[in-house]
Amino acid sequence: MTDGHGDDIYRYGNIRYNFSSNIYGAADLTALEHHLCNHIDAIRHYPEPTPLRLEQALAAHHGIDPSQVMVTNGATEAIYLIAQAYRQHADTYSVIHPTFSEYDDAARAMGYTEAEEADIGWICSPNNPTGEVPTPPELRERSRRHRWLVVDQSYEDYTLQPTLTAPEAIDMGNVLLLHSMTKRYAVPGLRLGYVTAPATMLAPLRMLTRPWAIGALPLLAGEWLVTTGATMIPHMTEYLAEAQRLQQKLAETDGVTVLPSHTNFCLCTLHRHTAAALKEYLAREHAMLIRDASNFPTLSPLHFRVAALTPEADDALVEAITRFIRDSR
């Protein structure tokens, strides 16, 4: 779903408030930027062919063995690598919709067919775009239905609900747990993700990965972020309280229905107007960007998704949506 993805700010001119990305938009990246500038000469040399130092740092962070960590070029690369690596042992897959479309895209590209009792299952937790968070016991039960279960926890740092830890997932024996440094540190341009799983389950992926798949600057950033214990998003209790406030204000808006969410974003449904029309209106008239969610499987042209920003920005969004609905009658 590269076309119609969130954060398509490049399609527009001046955007003041970007609600379309699930990543916290006000992160202070100054220290990271200074670190990269101070080591910009790294671009003169090849990076590690395999990102062993970053994998070691992540393993120490999670309390697992480095052989149980594999760094990828964003969590999206991990999705396609898994679909490719396991195709020789699996024919069927399952996904619970609506969810991130890349699971379907990767599986279908490799010739899998969808089935309820599938060889490999895919689940997003917290789920994009609904914000639902399956409990660890629910994930354990789901893992028993499949030979392998892929749990995409890219948004694990944006919820207060319990999620699987890397050691818990490894102990389950058939789970590949996806993580996103892109989301955790609010650095989508660096494309850094990783998988934690038993070493034997990562071996097929390592055979397919390309040497030098991660560039020098992303590796420098990743190592610095992990080893310094940097935090780029605000205190989650306060941030999610603002997200809940935004969801409540949207739910009180005439002409909008909001699906309850346990994370910083929520899925909304317009009663009469299309999300595409609302998106264009907000961008043109208010310099705001939302996510038209109509291209998620099973959703309709009425669905849109927004992520909380600041109280000022969130109030401005609700007021603008209210004006759009009122003036479009």
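In what follows, the accompanying structure is described. Because the structure is a prediction, the values reported are computed rather than measured. (Residues numbered from 1 in each chain as written. Predicted model: local features only at pLDDT ≥ 70, side-chain atom pairs only at ≥ 80, totals over all residues. Heavy atoms only, no water.)

Once that is clear, we can look at helix α3 (residues 74-85). The end-to-end C-alpha distance of α3 is 17 Å, a good match for the 16 Å that 12 residues give at a rise of 1.5 Å each. In terms of residue burial, α3 counts as a mostly covered element, since 9 of its 12 residues are buried. Residues G74, A75, E77, A78, I79, L81, I82, A83 and A85 constitute the buried set of α3. (Helix = DSSP H or I, 4+ residues; strand = E, 2+ residues; numbered from the N terminus. Expected span 1.5 Å × (residues − 1). Buried < 20%, exposed > 50% of the residue type's maximum accessible area, 1.4 Å probe, protein only.)

A few words now on the pairing of strand β6 (residues 148-152). β6 sits mainly inside the fold: 5 of its 5 residues count as buried. Side chains W148, V150 and D152 project from β6 onto one buried face, and the interleaved L149 and V151 project onto a second face that is buried too. Pairing of strand β5 (residues 120-124) with β6, which is carried by 5 bridges, proceeds in the parallel orientation. By the bridge assignment for β6, I123 is matched with V151. Handedness of the β6-helix α6 (residues 166-172)-strand β7 (residues 175-180) crossover: right-handed. (Pairing = 2+ DSSP bridges. Right-handed = clockwise from strand over helix to strand, strands pointing away.)

An order of β9-β10-β13-β12 is seen for the 4 strands of this open sheet, with the pairing classed as antiparallel. The open sheet has two free edges, formed respectively by β9 (256-258) and β12 (291-292), since each of these has just one partner strand. Relative to strand β13 (residues 303-307), β12 runs antiparallel, the two sharing 2 bridges. Residue R291 lies in a different strand from β13, and its bridge partner there is R305.

Contact pair helix α10 (residues 236-251) / helix α12 (residues 311-327): the axes reach a minimum separation of 10 Å and the direction vectors enclose 15 degrees. Comparing their axes, α12 and α10 come out roughly parallel. The hand of the α10/α12 crossing is right-handed. In contact with E242, R245, L246, K249 and L250 of α10, α12 contributes P311, D314, D315, L317, V318 and I321. Considering only residue class, the contact of α10 with α12 consists of 6 nonpolar, no polar and 5 charged. (Axes fitted to C-alpha atoms, helices over the stretch in contact; angles between N-to-C directions. Parallel < 35°, antiparallel > 145°, perpendicular 65-115°, else oblique. Left-handed = near helix turned anticlockwise from the far one by under 90°. Contact = heavy atoms within 4.5 Å. Nonpolar A, V, L, I, M, F, W, Y, C, P; charged D, E, K, R; others polar.)

Attention now goes to the sheet that holds strand β2 (residues 69-72). Here we have 7 strands laid out as an open sheet, ordered β2-β8-β7-β6-β5-β3-β4, and mixed in their pairing. Each edge of the open sheet is held by one strand with a lone partner, namely β2 and β4 (113-114). Of the strand pairs in this sheet, strand β3 (residues 92-95) and β4 are connected by 2 bridges, and their pairing is parallel. Its bridge partner being in β4, Y93 is matched across the sheet by E114. Contacting β3, β4, β5 and β6, helix α4 (residues 102-109) crosses the sheet at an angle of about 170 degrees to β3. Across the sheet, helix α5 (residues 136-143) touches β3, β5, β6 and β7, and the angle it forms with β6 is around 150 degrees.

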